[in-house]
Amino acid sequence: MASLVQELIEAGIHFGQRRSNWNPKMAPYIHGVRNQIHILDVRESIKGLLLAKRFLEKCVGDGRDVCFVGTKRQSRGAIEQYAAEVGMPYVTERWLGGTLTNFRTIRERLKRLEELDRLVESGEMKNYSKKMESQLMRERKKIQRNLGGVRTMTKLPGALVVVDTNREKNALLEAKSLGIPTVCLVDTDGDPDLVNIPIPGNDDSMRTIDIVIRELCDAIKKGKEGRATSAGESPMGEGREGRGEGRGEGRGEGRGDGRGPRRSSRAKFRADGGDAVATADAPEGA
């Protein structure tokens, strides 16, 4: 833990935006001002990162995927590298409106990409005229550029990991409308209310983004290992029975109407164990 904190400080995670360019909603995460630049509280950054890791590990362990979104130049390399290593979908080129809310259309475009790939692999593309072949290759290249990262996303993700709330606002709003939890690296000019689990930090530093994405992907890797272990040890029937028992017990307690006790949107992502994670006192997310 100490080495991670030192690594984040050396990467400049605590450097925010200029004092004149800030969002007052980020005040709880700001430690002070130096040379007219806001300095973020590293303790809040660590709390957010640990909470996000715990949540993503559980999310992936439950069989859901995580989609990474970061279209700014500083985040593309890290997301493409680490997300590909853990086999998770990502968007680094451009967020197409409706990627989540109009997912059926996105899947249709991906099917079209598969058709074009088959034409190229089988050699049938050469049977078309030069003009038609050129048009089809341009179409294939365009779809691959915009949707290649989500090619393996056959269903809506269980969570979104985003870099920069201002740049990826459309993605966050789509996730919010569908009830998809979001984790985001938020600078002092961002809006933490758009995010379920904010990680206060410098979203313009390539080293900071690299470390944060790396740590989150490590948690995802552990979640996938846990998913594989549970799938190998527990038969499908037992898993369903266990889930049914857990639901019955949870709903029977707390309220007479069959629902469990109300919890804040941020509190439901907090793990039961871990003092460092359980003490995260940031404002509730969207």
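In case you missed it, the structure is sitting above this.
Residues numbered from 1 in each chain as written. Predicted model: local features only at pLDDT ≥ 70, side-chain atom pairs only at ≥ 80, totals over all residues. Heavy atoms only, no water.

Let us now look at the overall build of the chain. Secondary structure assignment for the chain yields nine helices and eight strands. Evaluated residue by residue, the chain yields a buried proportion of 45% over its 286 residues. Long-range pairs, those at least 24 residues apart, make up 63% of the contacts in the chain between residues at least 6 apart in sequence. Summed over all atoms, the accessible surface of the chain reaches about 15,300 Å², with 46% contributed by carbon and sulfur. (Helix = DSSP H or I, 4+ residues; strand = E, 2+ residues; numbered from the N terminus. Buried < 20%, exposed > 50% of the residue type's maximum accessible area, 1.4 Å probe, protein only. Contact = heavy atoms within 4.5 Å. Areas by Shrake-Rupley, 256 points an atom, 1.4 Å probe, with all protein chains shown as cover.)

Turning our eyes to something else, we now look at the environment of Lys58. If you trace the backbone, Lys58 turns up in helix α2 (residues 42–61). Taking the relative accessible area as the measure of exposure, Lys58 reaches 55% and is therefore exposed. Taking the C-alpha atoms as reference points, Lys58 and Ala219, 161 residues apart in sequence, are found 8.8 Å from one another.

A few words on helix α1 (residues 2–11). Those residues of α1 not exposed but buried are Leu4, Leu8 and Ala11. Down the axis of α1, the buried set is contained in an arc of 65°. They therefore lie on one face. Within α1, the exposed residues directed more than 90 degrees away from the buried face are Ala2 and Ser3. With its phi angle positive at about 85°, Gly12 sits one or two positions after the end of α1. (Arc of directions from axis to C-beta.)

This brings us to the pairing of strand β3 (residues 37–40). Sheet topology places strand β1 (residues 15–18) next to β3; two bridges connect them, and they run antiparallel. Within the sheet, the bridge partner assigned to Arg18 lies in β3 and is Ile37. The pairing of strand β2 (residues 30–34) with β3 spans four bridges and is antiparallel. Looking at β3, one finds that Val33 is bridged to His38. From the end of β2 to the start of β3, which pair antiparallel, there are two residues, and Asn35 there has a positive phi angle of about 55°. (Pairing = 2+ DSSP bridges.)

Taken together, three strands build an open sheet; the order of strands is β1-β3-β2 and the sheet is antiparallel. Edge positions in the sheet fall to β1 and β2, since each has one partner strand and no second. Here the strands of the sheet are splayed against their neighbours by 30° on average, with no regard to which way each runs. (Axes fitted to C-alpha atoms, helices over the stretch in contact; angles between N-to-C directions.)

As a further point, take the side chain of Glu215. You can see Glu215 is positioned in helix α7 (residues 206–233). According to the relative accessible area criterion, Glu215 is buried, its value standing at 10%. Separated by 2.9 Å, the side chains of Glu215 and Lys53 make a polar contact. A distance of 3.1 Å separates a polar atom in the side chain of Glu215 from a polar atom in the side chain of Arg214. Apart from residues no more than four positions distant in its own chain, Glu215 is found in contact with Leu4, Leu49 and Lys53. (Polar contact = N/O pair within 3.5 Å; in protein donor to acceptor, adjacent residues only side chain to side chain.)

With respect to the helices and strands, the residue Arg140 is situated in helix α5 (residues 130–147). Filtering out sequence-adjacent residues up to four positions away, Arg140 remains in contact with Leu113, Leu116, Asp117 and Val120.

A contiguous patch of positive charge, built from Arg94, Lys141, Lys142 and Arg145, is present on the exposed surface. When you line up the elements, Arg94 lands in the loop between β5 (90–91) and α4 (103–122). Judged by its relative accessible area of 48%, Arg94 falls in the partly exposed class. (Patch = residues over 30% accessible without salt bridge, like charges linked within 9 Å, V, L, I, M, F, W, Y side chains within 5 Å. Salt bridge = Lys/Arg side-chain N within 4 Å of Asp/Glu carboxyl O. Lys, Arg positive; Asp, Glu negative; His and termini not counted. Charge placed at Lys NZ, Arg CZ, Asp CG, Glu CD.)

This part takes up the nonpolar core. Residues Leu56, Val66, Phe68, Val183, Ile213 and Leu216 are the most contacted members of the largest nonpolar core, which totals 36 residues. Counting only elements with at least two residues in this core, the list comes to α1, α2, β4 (66–69), α3 (73–85), β6 (159–163), β7 (182–186), β8 (197–200) and α7. For this core, the leading source of residues is α2, giving ten residues. Sequence-distant contacts of Phe68, defined by excluding residues within four places in its chain, comprise Ile79, Ala83, Met88, Pro89, Tyr90, Val91, Val161, Ile213, Cys217 and Ile220. Judged by nonpolar contacts, the second largest core, of 28 residues, contains Val91, Leu96, Met153 and Leu160. (Core = buried A, V, L, I, M, F, W, Y, C linked by side-chain atoms within 4.5 Å.)

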